[in-house]
Each structure stands twice: as C-alpha cells, then as structure tokens.
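Each chain is listed here by its residues.
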Amino acid sequence: MSLTVPVILGSVRADRAGIRAARFLVAQLEARGHAAPLVDPAELQLPLLDRMYKEYPKGQAPEPLERLAALYRRADAFVVVSAEYNHSIPPALSNTLDHFLEEYFWRPSGIVCYSAGQYGGVRAAMQLRAMLAELGTPSIPSLLPIPRVQKALSEAGEPAEDWLGRAAKKFLDELTWYAEALKTQRAGGTPY
Ligand SMILES: Cc1cc2nc3c(=O)[nH]c(=O)nc-3n(C[C@H](O)[C@H](O)[C@H](O)COP(=O)(O)O)c2cc1C
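Residues numbered from 1 in each chain as written. Predicted model: local features only at pLDDT ≥ 70, side-chain atom pairs only at ≥ 80, totals over all residues. Heavy atoms only, no water.

For the rest of this paragraph, the subject is the UniProt feature "domain: NADPH-dependent FMN reductase-like" (unreviewed entry) in the chain. As recorded in UniProt, the feature "domain: NADPH-dependent FMN reductase-like" (unreviewed entry) lies at residues 5–144. Along residues 5–144 the backbone is 36% helical and 16% strand, and the end-to-end C-alpha distance reaches 16 Å. (UniProt positions renumbered as here; feature names shortened; annotations may be inferred. Helix = DSSP H or I, 4+ residues; strand = E, 2+ residues; numbered from the N terminus.)

Spelled out as structure tokens, the structure:
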C-alpha cells in the first residue's frame, strides 16, 4: 500500500544536524514507494503561534498553513524528527506542531530523535510522545534514536553506520503497519 508520510523536522538552526536525519527518513520512505514530503520549519517560516490554522476564516489562512493542512489531510502517518534541547522538545518543533490539531487525528506517528551525544535525544522523545498523543497522532511503541548524529549520517542523510539501516527498517515496518491499519479503518469513518 502506498502511503503519504510527511517528515516533520523540528530544528531551524543554521548548522542543524537534524536535516541529516530528516533526509535519511525521507529517502528510506521513498525507497519503500511512499510519498514523504519534508515539512521544514526553516523553509515554512511560520511565526510563533498567533492563530492556529482552524482559527482563520475558511480559505484565509496564510499559504504555508493551507499547504500544510492539505498535506496533513491526505497523510497516513507522520514521522517527527526531534533534537533534544535541554532534555526537552525544540521550540521550532512544538511551534510547527501547535498550528494544527484535527488534521492529525486518526493517524499514527513515529518519533525519530537524535543528539550530538550518546543518548540520542530520548529524553525529548518521551515528552514528545505525550504531546503527540494529545495532538491525536499517537506514536508507535518503537523510537528511532540516533546518537552522535553528525557521525552517524552525512549532510545528505546517507548512513555511515550499518546499524542505522537495520534500525530504520524495523521502525518503518512498525509505523507502516499501524498506518495501513488506520488508513483502512478511516475509510469506514471516524468516531468524530
Ligand atoms: C539549545 C540546545 C540545547 C541542547 N540540549 C541538549 C540536551 O539536553 N541533550 C543533548 O543530548 N544534547 C543537547 N544539545 C546538543 C544537541 O544534541 C546538538 O546540538 C544537536 O545537533 C541539535 O540538533 P540540531 O543541530 O538539529 O538543532 C543541545 C543543543 C542546543 C542548541
């Protein structure tokens, strides 16, 4: 089953390492035949949250929000790529996520976390898991943590270490299983 899986990146720093992880996930998903558009806050330039998408009169939201809403409505799952800033979620990520709510509903998410150090951003991932559940896109049990991200992935997102391809396969097998299951279930309607 071909799926649409936006890859939401959560860092806007000029020297961000997160783009490596995001490019890696986009390539892995595309190799499986899925559409995996990158949602890049550095490109979107969303302001700090003023109005959520749904708070604009219909058809009057800024163009990037309309574009994202259309993408999320046709999405089957989300891959959320998070750094760890002070053991927590990067502000660009929570700001990007907060602009939407209902558009996430009834779709699973998968958390890819990373850091410069050895823990791979898992402390932020635990907080992100709670946030994604509240947004209505519960995360799958497995994480894909990437420790020492600058060493593990090239700037183009090519893995330098064998374990990463194996870990990504298991993670995406699980995410796509949930995505296919919920896609089938959504076709029969949702509770609200
Ligand atoms: C504001 C800030 C806070 C950070 N806090 C943590 C942290 O709590 N734990 C950690 O492992 N690394 C931390 N780091 C280091 C990051 O893992 C590393 O800089 C990583 O590349 C950040 O992702 P980015 O380059 O995509 O923004 C922090 C980095 C920044 C900029």
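Further remarks concern the site of the ligand. Around the ligand there are 15 residues in total, and R13, A17, E84, Y85 and Y114 lie nearest to it. Contact distances for the ligand include 2.7 Å between an oxygen atom and a backbone N or O atom of A17. Y114 has a polar side-chain atom sitting 2.5 Å from an oxygen atom of the ligand. Residue composition of the shell around the ligand, by class: five nonpolar, six polar and four charged. (Near = heavy atom within 4 Å. Polar contact = N/O pair within 3.5 Å; in protein donor to acceptor, adjacent residues only side chain to side chain. Nonpolar A, V, L, I, M, F, W, Y, C, P; charged D, E, K, R; others polar.)

Our next topic: the side chain of T96. Note on placement: T96 falls in helix α4 (residues 91–98). According to the relative accessible area criterion, T96 is buried, its value standing at 2%. Ignoring sequence-local partners within four residues, the contact set of T96 consists of I8, V39, P41, L46 and Y104. (Buried < 20%, exposed > 50% of the residue type's maximum accessible area, 1.4 Å probe, protein only. Contact = heavy atoms within 4.5 Å.)

Further remarks concern the sheet that holds strand β2 (residues 38–39). Taken in spatial order, the five strands line up as β2-β1-β3-β4-β5 in an open sheet, and their pairing is parallel. In this open sheet, the two strands that pair with only one neighbour each are β2 and β5 (139–146). Pairing between strand β1 (residues 7–9) and strand β3 (residues 78–82): three bridges, direction parallel. Looking across to β3, one finds that L9 is bridged to V81. Sheet strands touched by helix α7 (residues 162–187): β3, β4 (109–114) and β5. Its angle to β5, the strand with the most contacts, is close to 160°. (Pairing = 2+ DSSP bridges. Axes fitted to C-alpha atoms, helices over the stretch in contact; angles between N-to-C directions.)

Moving on to the packing of aromatic side chains. Considering all chains together, one arrives at nine aromatic pairs under this definition. Taking the centre distance of 5.2 Å and the plane angle of 85° together, the rings of Y72 and F78 count as edge-to-face. Each member of the pair Y72 and F78 is classed as buried. (Phe/Tyr/Trp six-rings, centres within 6.5 Å; stacked < 30°, edge-to-face > 60°.)

All buried positions along α4 are accounted for by A92, L93, N95, T96 and L97. The elements touched by buried residues of α4 are β1, β2, α2 (41–44), β3 and α5 (122–135).

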